[in-house]
Amino acid sequence: MADNFMGYQRKDGSVGVRNHIAIIPSVFCSAKVAERIAFQVPGSVYFRHPVGCSQVGEDLEVTAKTLIAIGKNPNFAGVVVVGLGCERFSPYELAEGIAPSNKMLETVVIQTEGDSLAAIQKGSKIAREMQQIASRQIREKVPASELMIGLNCGGSDMTSGLIANPALGYASDKLVAQGGTSILSEITELIGTEDILARRAVNDQVAAEIRETIFRTEEKLRRQTQNSSNKERTHLISTGNYAGGLSSVVEKSLGSMKKSGNASFNGVIKYGHQPDKKGLFLLDSPGHDGEVSTGQVAAGAQMILFPTGRGTPTGFPGIPVIKITGNPNTYIKMKENIDINAGQVLTENKSLEQMGEEIYQEILDVASGRLVKSEVLGHDEQFCVTRLP
Amino acid sequence: MDLNISNKKTALVIDSFDNVAVALTDLKQGEECIIRFNNREEEVTVFEDIPFGHKFAILDIDKDESVLKYGEEIGRMMVPVKKGSYIHNHNMYCERGMK
């Protein structure tokens, strides 16, 4: 039986689970103007970033593709691009990239408007009008196959790999079985699991891509850590991970890959790119929580599922981030930040399948409009574009 | 962690191939602990304090022998350890992701 949710139909055929106006700076120089516009118009969200100029080659290309893709994400009914005017990544190029999504779209350039106050005024009026138009759109019943979720995790401890990730894997498998899309990432936290993941590839080519992606990441990290004078900084797992009982990156990786359930991998996608079909995909991204979420939202994910054993409050602008902890102590301490207490597997003898089912129902509920805690509290730290050396 | 999530002193063996168990409660040196396998239970005395979420050996493990969790190798022992010994990065090594 097909499951449904209530979403916002977009002109390009995609479906949003939120209906925000996105204020996107093309360069860090226009970040404050974008922020001020968003403050003038509650309901809009802004995307502070430190990039967009003094970049070259593939690094600039990834920034450009990512910012364009964020603008195209179906959770945004309209976009106001805010540029300075002389930056390497032009605001017009950003707007042209977003334009094929046929959503409300305007560009404000500070050097054209005169000064930052003039740009804030113009941008605020545009965003206000977009917000009023968006407010008339109503949610419609759509199949769960329209959903794309990003699987991310941060502040892992032993309960992440033991409880929260396997339970999320169950929910991910269920969404994929409904024809939906799920994205595993954090390649740094998959080191050592390449043989297991490659066995789950739909064909030999995808298997080879999975192996190559993980080995390339490991080789890059090896180069970067070889000359480090600080011994602790050569480790791929954090102090908090050690304190939580994880002893090696492989131990962490095995727990990390459990998020993706048992479905087959349909392909590997590059950062800033979108999958060309539905199903489970691997996104090539480092392990930083924000860079992962940003890559997944750029891929088209309307929602992030985020197990956290130690507990983190972070969120993403305009994108619900569902926090799941497998650690019942963390849930008690951080219940204002954590949405699902999968620690009930330990305390209430619930099965992983039962928890997975609860996570799946939460996905449909949140997709239909229920706010998650990070949204209510205004957390938006996870927007962070990856950089290339 | 100061809060024990269960009154019983328990630990979990995730995969039948594993030679470590994960403590589901804080365990004190000399305590008896029930280790839960998929379909059976066994009692083990732990030789050291094992914090919640950390691992201990459920079999004697030799120097350079694999430490198995999730049915896969997560590292190898720097030193031989007896059943009931704490295993963490002080006595286990893993070259992946470290150099």
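For the structure itself, consult the block above.
All residue numbers here refer to positions counted from 1 along the written sequence of the relevant chain. For naming, the first written chain is A and the first written ligand is 1, with later ones following in the order written. Predicted model: local features are reported for residues with pLDDT of at least 70 only, side-chain atom pairs are reported and counted for 80 or more only, and whole-chain, interface and lining totals are derived from all residues. In computing side-chain properties, one takes all heavy atoms of the structure into account and sets aside hydrogens as well as water.

Attention now goes to the packing of aromatic side chains. All names here are of chain A. Stacked, tilted and edge-to-face are the three classes applied to pairs of Phe, Tyr and Trp rings, where Trp contributes its six-membered ring and a pair requires centres within 6.5 Å; stacked means planes under 30 degrees apart, edge-to-face means over 60, and tilted covers the rest. For the structure shown, the criterion picks out five aromatic pairs over all chains. Here the aromatic rings of F47 and F383 are separated by 5.0 Å at their centres, their planes lie at 85°, and the arrangement is edge-to-face. Here F47 is found in the loop between strand 4 (44–46) and helix 2 (57–72), whereas its partner F383 is found in the segment after helix 15 (373–376), with 336 residues between them in sequence. Grouping residues by exposure puts F47 and F383 together as buried. Through a chain of ring-to-ring contacts, the aromatic side chains of F47, F76, F316 and F383 assemble into a single cluster. The criterion for a charge sitting over a ring is simple: Lys NZ or Arg CZ within 6 Å of the ring centre, and within 35 degrees of the ring normal. A cation sits over an aromatic face here: K323 above F306, 5.5 Å from the ring centre. Here a strand is any run of E in DSSP of at least two residues, a helix any run of H or I of at least four, and the numbering for each starts at the N terminus. Classification of residues uses two cut-offs on accessible area relative to the type maximum, computed with a 1.4 Å probe and protein chains only: under 20% is buried, over 50% is exposed, and between them is partly exposed.

The contact definition used throughout considers only heavy atoms, calling two residues in contact when any of these lie within 4.5 Å. At the interface, 35 residues of chain A touch 26 residues of chain B. Carbon and sulfur atoms make up 61% of the area that chain A and chain B hide from each other, which totals about 2,500 Å². Every case where a carboxyl oxygen of Asp or Glu lies within 4 Å of a side-chain nitrogen of Lys or Arg is listed as a salt bridge. Linking E251(A) and K55(B) is a salt bridge whose minimum nitrogen-to-oxygen distance equals 2.9 Å. The term polar contact refers here to a pair of N or O atoms within 3.5 Å; inside protein, the definition further demands a hydrogen-donor-capable atom paired with an acceptor-capable atom, and it admits residues adjacent in sequence only when both atoms are side-chain atoms. Run the count over chain A and chain B and you get ten residue pairs in polar contact (both at pLDDT 80 or more). Elements with a contribution of two residues or more to the side of chain A that touches chain B: helix 6 (158–177), helix 7 (194–199), helix 8 (204–225), helix 9 (239–243), helix 10 (249–257), helix 12 (328–333) and helix 13 (344–347) of chain A. Here the side of chain A that touches chain B takes five residues from helix 10 of chain A, the largest share from any one element. Each residue receives one of three labels: charged for Asp, Glu, Lys and Arg, nonpolar for Ala, Val, Leu, Ile, Met, Phe, Trp, Tyr, Cys and Pro, and polar for the others, Gly being one of them. Partitioned by chemical class, the residues of the side of chain A that touches chain B number 15 nonpolar, 14 polar and six charged. Buried area adds together the accessible area that both of two parts lose upon being put together, with accessible area traced by a 1.4 Å probe.

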